[in-house]
Amino acid sequence: MADAQIILSHSRESGVVAVASGEQYPWAHTALAESGFQRDDEGVWHLPADGTRTTVVDLVTCAKRHRTSVHTSSRRFIGDAARDLAQQLPGQWHASVEIYSHPAWQDDLVPWIWDSGELGRAVQSERIPYAALLTDTVQGTTLLFIERPGRQLDYLVGAFAPEGLEEGYGDPHAPRSIVLPPFPGRAAQALTDQYLPSYEQAVHARQTAAIAAALGDIRSEHDTWQTMNASGRYCDATPLSAAALGAATELFLDHAWRRFLTVVGHAPTLLDRCRPASSPWPDDAAALSRLADAVIDAEALLDEIVHGGSVPEQERRARAWPAIKTWLTDGPTFSRQARISAPHRRPALPVTAPARPLTAARPAHRGP
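Within every chain, residues take consecutive numbers counted from 1 along the sequence as written. Residue-level local features of this predicted model are given only where pLDDT is at least 70; pairs of side-chain atoms are given and counted only at 80 or more, and the full residue set underlies all totals for whole chains, interfaces and linings. The basis for every side-chain value is the complete set of heavy atoms in the structure, and neither hydrogens nor water enter the calculation.

1. Considerations on the overall build of the protein chain
Secondary structure elements follow DSSP: runs of H or I of four or more residues count as helices, runs of E of two or more count as strands, with numbering from the N terminus. Along the protein chain, the regular secondary structure elements total nine helices and eleven strands. In terms of C-alpha radius of gyration, the protein chain reaches 27 Å, well past the compact-globule figure of 21 Å for 368 residues. Oriented by its inertia axes, the alpha-carbon framework of the protein chain measures out at about 85 × 50 × 35 Å. Buried positions account for 48% of the 368 residues belonging to the protein chain. In this analysis, two residues are considered to be in contact whenever any of their non-hydrogen atoms come within 4.5 Å of each other. Excluding contacts between residues fewer than 6 apart, the proportion of contacts in the protein chain whose partners are at least 24 apart in sequence is 72%. For the protein chain, the exposed surface amounts to about 18,600 Å²; the carbon and sulfur share of it is 52%. As defined in this context, the radius of gyration uses C-alpha atoms, and a globule is described by 2.2 Å times the residue total to the power 0.38. Remark: exposure states derive from per-residue accessible area (1.4 Å probe, protein chains only) relative to the maximum for the residue type, with buried under 20%, exposed over 50%, and partly exposed in between. Surface accessibility follows the Shrake-Rupley procedure with a 1.4 Å probe radius. Residue values consider only the protein chains on display as shielding.

2. Focus: the nonpolar core
The set of buried Ala, Val, Leu, Ile, Met, Phe, Trp, Tyr and Cys residues whose side-chain atoms join them within 4.5 Å is what this entry labels a nonpolar core. In this structure, L85, L134, L143, F145, L180, L191 and Y195 are the most contacted members of the largest nonpolar core, which totals 39 residues. Of all the secondary structure elements, the ones that give two or more residues to this core are β2 (15-21), α3 (78-88), β6 (93-99), β8 (130-136), β9 (142-147), β10 (155-160), β11 (178-180) and α6 (184-231). A total of ten residues in this core trace back to one element, the largest contributor, which is α6. If we skip the residues at most four places from it in the chain, L85 touches L134, F145, L180, P184, A187, A188 and L191. In this structure, F260, V264, L301 and A320 belong to the second largest nonpolar core, which totals 30 residues.

3. A look at the domain arrangement of the protein chain
Domain boundaries shown here were taken from an automatic or database domain assignment. Domain annotation of the protein chain identifies domain 1 (5-54 + 68-75), domain 2 (81-200) and domain 3 (202-341). Taking only C-alpha atoms, the centre of domain 2 and the centre of domain 3 are 35 Å apart. Residue-level contacts link 13 residues of domain 2 with seven residues of domain 3. Regarding the contact of domain 2 and domain 3, the summed buried area is about 710 Å², with carbon and sulfur atoms giving 60% of it. It is W114, L165 and E200 in domain 2 that bury the most area against domain 3; as a group they hold 61% of the surface buried on that side. Put simply, a salt bridge is a Lys or Arg side-chain nitrogen that is within 4 Å of an Asp or Glu carboxyl oxygen. Where domain 2 packs against domain 3, one counts one salt bridge. We call two N or O atoms a polar contact when they sit within 3.5 Å, provided that within protein one can donate a hydrogen and the other can accept it, with sequence-adjacent residues counted only if both atoms are side-chain atoms. If you look at where domain 2 meets domain 3, you find seven residue pairs in polar contact (both at pLDDT 80 or more). By convention, the term buried area covers the 1.4 Å-probe accessible surface removed from two parts as they join, with the contributions of both added.

4. Focus: the sheet that holds strand β1 (residues 5-11)
The sheet built from five strands is open, its strands ordered β3-β4-β2-β1-β5 with mixed pairing. Strands at the two margins of the open sheet, each flanked by one partner only, are β3 (38-39) and β5 (69-76). Judged from the seven bridges that link them, β1 and β2 form a sheet pairing that is antiparallel. When the bridges of β2 are listed, S11 appears paired with G15. Think of each axis as a best-fit line through the C-alpha atoms, taken over the contacting stretch in the case of a helix, with angles from 0 to 180 degrees between the N-to-C directions. Helix α1 (residues 25-34) rests against β1, β2, β3 and β4 (45-46) of the sheet, and its axis sits at about 150 degrees to β2. Contacting β1 and β5, α3 runs over the sheet at an angle of about 20 degrees to β5. Strand pairing requires that DSSP identify at least two bridges connecting the strands.

5. Topic: the packing of α3 against α6
Packing of α3 against α6 leaves a shortest axis separation of 8 Å and a crossing angle of 60 degrees. When the axes of α3 and α6 are compared, the pair comes out oblique. The element α3 and its partner α6 pack so that their crossing is right-handed. Judged by residue contacts, D84, L85 and Q88 of α3 engage P184, G185, A187, A188 and L191 from α6. Residue classes in the contact of α3 with α6 are distributed as five nonpolar, two polar and one charged. By definition in this entry, angles of less than 35 degrees are roughly parallel, angles greater than 145 are roughly antiparallel, angles of 65 to 115 are roughly perpendicular, and the rest are oblique. Definitions for this section: a left-handed crossing has its near helix turned counterclockwise from the far helix by less than a right angle. A right-handed crossing has that turn clockwise. Following the grouping adopted for this structure description, the nonpolar residues are Ala, Val, Leu, Ile, Met, Phe, Trp, Tyr, Cys and Pro, the charged ones are Asp, Glu, Lys and Arg, and the polar ones are all others, Gly among them.

6. Quick look at the packing of helix α7 (residues 242-273) against helix α8 (residues 285-307)
Where α7 meets α8, the closest approach of the two axes is 10 Å, and the angle between their N-to-C directions is 125 degrees. Taken together, α7 and α8 sit at an angle that is classed as oblique. The hand of the α7/α8 crossing is left-handed. Between α7 and α8, the residues in contact are W257, F260, L261, V264, A267, P268 and L271 and L288, L291, A292, V295, A298, E299, L301, L302 and I305, respectively. Here the contact of α7 with α8 is built from residues that sort into 15 nonpolar, no polar and one charged.

7. Thoughts on the pairing of β1
Counting buried residues in β1 gives seven out of seven residues, a clear majority hidden from the surface. Along β1, one buried face is formed by Q5, I7, S9 and S11 and the opposite face, lined by I6, L8 and H10, is buried too. Linkage of β1 to β2, two consecutive antiparallel strands, is achieved through a turn of three residues.

8. Details of unusual backbone geometry
Both trends apply: most residues other than glycine have a negative phi, and most peptide bonds are in trans. The phi dihedral of R67 is positive, around 55 degrees, even though this residue is not glycine. The class for R67 is exposed, based on a relative accessible area of 58%.

9. Some details on the side chain of R316
The topology assignment puts R316 in helix α9 (residues 313-340). Residues contacting R316, with those up to four places away along its chain left out, are L253, D254, W257, L301, I305 and V311.

10. Considering the confidence of the model for the protein chain
As a per-residue measure, pLDDT reflects the predictor's confidence and takes values from 0 up to 100. Chain-level statistics for the protein chain give a pLDDT mean of 88 and a share of 90% at 70 or above. pLDDT under 50 marks residues 351-368. Its contacts with residues more than four places away, or in other chains, come to 33 contacts.

11. What to know about the side chain of Q5
Mapped onto the secondary structure, Q5 falls in strand β1. Using a relative accessible area of 5% as the deciding quantity, one classes Q5 as buried. When residues no more than four places from it in sequence are discounted, the contact partners of Q5 are V19, A20, S21, G22, A28, T68, S69 and H71.

Here is the structure:
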């Protein structure tokens, strides 16, 4: 394949559109600009409304001079497909186009894709010059929507790692991307009924695991600190002075606070889902209430630190420790309640008119 390519497709609103691709994509940009195409904010090139078929033919000739090949997609413009899908989904979804002209730009996606299925493999092994993002503007979920490589009609959709859980690359428990048909209504139904519930359950599991890991780290350091405090010695049996013990205590409390921020970030949503009265452990309600109060106290402290000016370190340590200690004590209760709770289901799609197929791309001149 040439070092620079132009991919043409048809948009319902814009007519002929083009995407530049390849390691030498600036050559394609030059050919498009010289041929009268105009680039929008998303990086998509549009043929002006008064353009003619001759302009496309001229593009092929111009592109050849700039060592750029021209290809015509058999699909409709991905921006149209994504917007049609977003309009069918329950809630408030926004669709936008992403252009990965240089192959290295596509590589930047890999660490952020949270997927254990076909989409994750495709992003790593197939050339994907463009895609669309589907963003739930209320809940913050962001999905990647691409044309399924090697297929003429289907699409793939999967998720980016949610905020606060970005280190999801290679996570074996990540949700599996699904194949969507080229019909907006059916695609929205599959996304709502199949993918989003599994995605939300995976987020729930990862948040629960992140809290457990943070508490485990704090508990381990706390045990080490208690041993040092009781013995008056370092782990290697070296005597520990009062000043050194004080410094070690401050260091432990500082580390504990930083790790506890993971709990503060994820716990409110998970606590809200716990229903101890309908669980095998109804008496857990009191412990969950203490945990919720501790998070509220920690959130107030964090808000003061971030927005209310500086909080002296000694004061921050003194105020943070009771909340952390509560979670060390009652954390196991939270874990067992969180494991049997489930995310609240999104509203189901209403019954709609029969799905209609996506419009095929308008034939355009193919370069030699």
